Amino acid sequence: MGKDSPIAQTLRKANGWFHSLSGRDQLALQALVTALVIFCLYALVWRPSVEYRERSEAAAGQAYSDLQWMVNNERQARQLARNSGQSSGSLPAGQSLLSLVSSSARGQGLTLQRFEPRGEDKVNVWLDKVEFNQLMKWLDGLSKQNGVRVEQISVDRAQEPGRVQARLSLTL
């Protein structure tokens, strides 16, 4: 006769213990195990899936709302883009302040984390972990070559030496 595995021995002992209980205790234990299985299914499967579906529906609703806003404001945005190149004598013809700022930042090796146009001649820009001297050189070039001024600036030290996080409001 071969040796049983420890799991088989434990199951045989548990089965023996269960059958040694009175009928009423066996029924109570079965009800408890059934309730525990139902609770685990609810807590580990049902509830997380319902919460995920609700979050997904909320995100889809927000995305649809954003899309509607963009569609409703497309004509105005295109008009502003056309006029911004014509309204400022310091910008190349047909170029907006936003495109000038974006292209000059790329030219200096800077990556804009976020940007936000504010009318025809203003833009907010966020830069993250940028070298401070490189930021100053970029702003100096924008000012001297295109007449772009810094309306507001907020600079915070980043963890790496010589690098900063900056929020700028630029204007013509």
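Quick caveat: nothing in here was measured; it's all calculated off a predicted structure.

S.K.: I keep staring at the packing of aromatic side chains and nothing clicks. Help me out?
M.R.: Ring pairs (aromatic) are described by centroid distance and by the angle formed between their planes. Enumeration according to the criterion identifies 0 aromatic pairs in this entry. For R114, the ring lying beneath its charged end belongs to W126, and the centroid distance is 4.1 Å.

S.K.: What's the story with the pairing of strand β3 (residues 149-157) in this structure? I'm lost.
M.R.: A regular strand places its side chains so that they alternate between the two faces of the sheet. Where β3 meets strand β4 (residues 163-171), 8 bridges bridge the pair, whose relative direction is antiparallel. Residue pairing in the sheet places D156 in a bridge with Q165 of β4. Once β3 ends, the chain turns through 5 residues before running back antiparallel as β4, passing G162 with a positive phi of about 80 degrees.

S.K.: So what exactly am I meant to see when it comes to the sheet that holds β3 here?
M.R.: Across a sheet, strands are paired by hydrogen bonds formed along the backbone, either parallel or antiparallel in direction. Pairing is antiparallel in the open sheet, where 4 strands are placed in the order β1-β2-β4-β3. Two strands bound the open sheet, and with one partner strand each, they are β1 (112-117) and β3. Across the sheet, the axes of successive neighbouring strands diverge by a mean angle of 15 degrees, strand direction being ignored.

S.K.: What exactly am I supposed to notice about the nonpolar core here?
M.R.: Side chains that are nonpolar tend, in soluble globular proteins, to be buried together. Counting 19 residues, the largest nonpolar core has V101, L127, L135, W138, L168 and L170 as its most contacted members. Looking at this core, the elements that each hand over two or more residues are α3 (97-107), β2 (122-131), α4 (132-146) and β4. Filtering out sequence-adjacent residues up to four positions away, L135 remains in contact with L127, V130, V164, A166 and L168.

S.K.: When you look at the pairing of β2 in this model, what are you seeing that I'm missing?
M.R.: Bridge count between β1 and β2: 5 bridges; the pairing is antiparallel. Within β2, the position partnered with P117 by the bridge is V123. The hairpin formed by β1 and β2 contains 4 residues between the paired strands, and G119 there has a positive phi angle of roughly 80 degrees. When β2 meets β4, the two strands line up antiparallel, connected through 8 bridges. Bridged to V123 within β4 is L170.

S.K.: Looking at this model, I keep getting lost on the packing of α3 against α4. Mind explaining?
M.R.: Helices that pack against each other are described as a pair by the angle of their axes relative to one another and the distance between those axes. Relative orientation of the contacting elements α3 and α4 amounts to 130 degrees, with a least axis distance of 10 Å. In terms of axis orientation, α3 runs oblique to α4. The chirality of how α3 crosses α4 is right-handed. Within the contact between the two elements, α3 uses L100, V101, S104 and A105 and α4 uses W138, L142 and N146. In terms of residue class, the contact of α3 with α4 is made up of 5 nonpolar, 2 polar and no charged.

S.K.: Got a minute to help me understand the side chain of T171 in this structure?
M.R.: Its location among the elements puts T171 in strand β4. A distance of 3.1 Å separates a polar side-chain atom of T171 from the backbone oxygen of D121. Aside from chain neighbours lying at most four places away, what touches T171 is L97, D121, K122, G147, V148, R149 and E151.

S.K.: Would you mind going over helix α1 (residues 6-20) with me for this structure?
M.R.: One turn of the α-helix equals 3.6 residues, which is why residues spaced by three or four share an orientation. Counted at 1.5 Å a residue, the expected span for α1 with its 15 residues is 21 Å, and the 21 Å between its end C-alpha atoms agrees. Of all 15 residues in α1, 1 are buried, a share of ten percent or less.

S.K.: What's the story with the confidence of the model for the chain in this structure? I'm lost.
M.R.: It should be kept in mind that the predicted coordinates are not to be read in detail where pLDDT is low. Per-residue pLDDT for the chain has a mean of 86; in total, 91% of the residues score no lower than 70. Between the elements of the chain, mean pLDDT differs from a low of 85, seen in α3, to a high of 94, seen in α1. Confidence drops under a pLDDT of 50 for residues 85-89, and excluding neighbours within four residues, the segment shows 5 contacts in the predicted structure.

About the cut-offs
- Residues numbered from 1 in each chain as written.
- Predicted model: local features only at pLDDT ≥ 70, side-chain atom pairs only at ≥ 80, totals over all residues.
- Heavy atoms only, no water.
- Phe/Tyr/Trp six-rings, centres within 6.5 Å; stacked < 30°, edge-to-face > 60°.
- Lys NZ or Arg CZ within 6 Å of the ring centre and 35° of its normal.
- Pairing = 2+ DSSP bridges.
- Helix = DSSP H or I, 4+ residues; strand = E, 2+ residues; numbered from the N terminus.
- Axes fitted to C-alpha atoms, helices over the stretch in contact; angles between N-to-C directions.
- Core = buried A, V, L, I, M, F, W, Y, C linked by side-chain atoms within 4.5 Å.
- Buried < 20%, exposed > 50% of the residue type's maximum accessible area, 1.4 Å probe, protein only.
- Contact = heavy atoms within 4.5 Å.
- Parallel < 35°, antiparallel > 145°, perpendicular 65-115°, else oblique.
- Left-handed = near helix turned anticlockwise from the far one by under 90°.
- Nonpolar A, V, L, I, M, F, W, Y, C, P; charged D, E, K, R; others polar.
- Polar contact = N/O pair within 3.5 Å; in protein donor to acceptor, adjacent residues only side chain to side chain.
- Expected span 1.5 Å × (residues − 1).
- pLDDT = per-residue confidence, 0-100.

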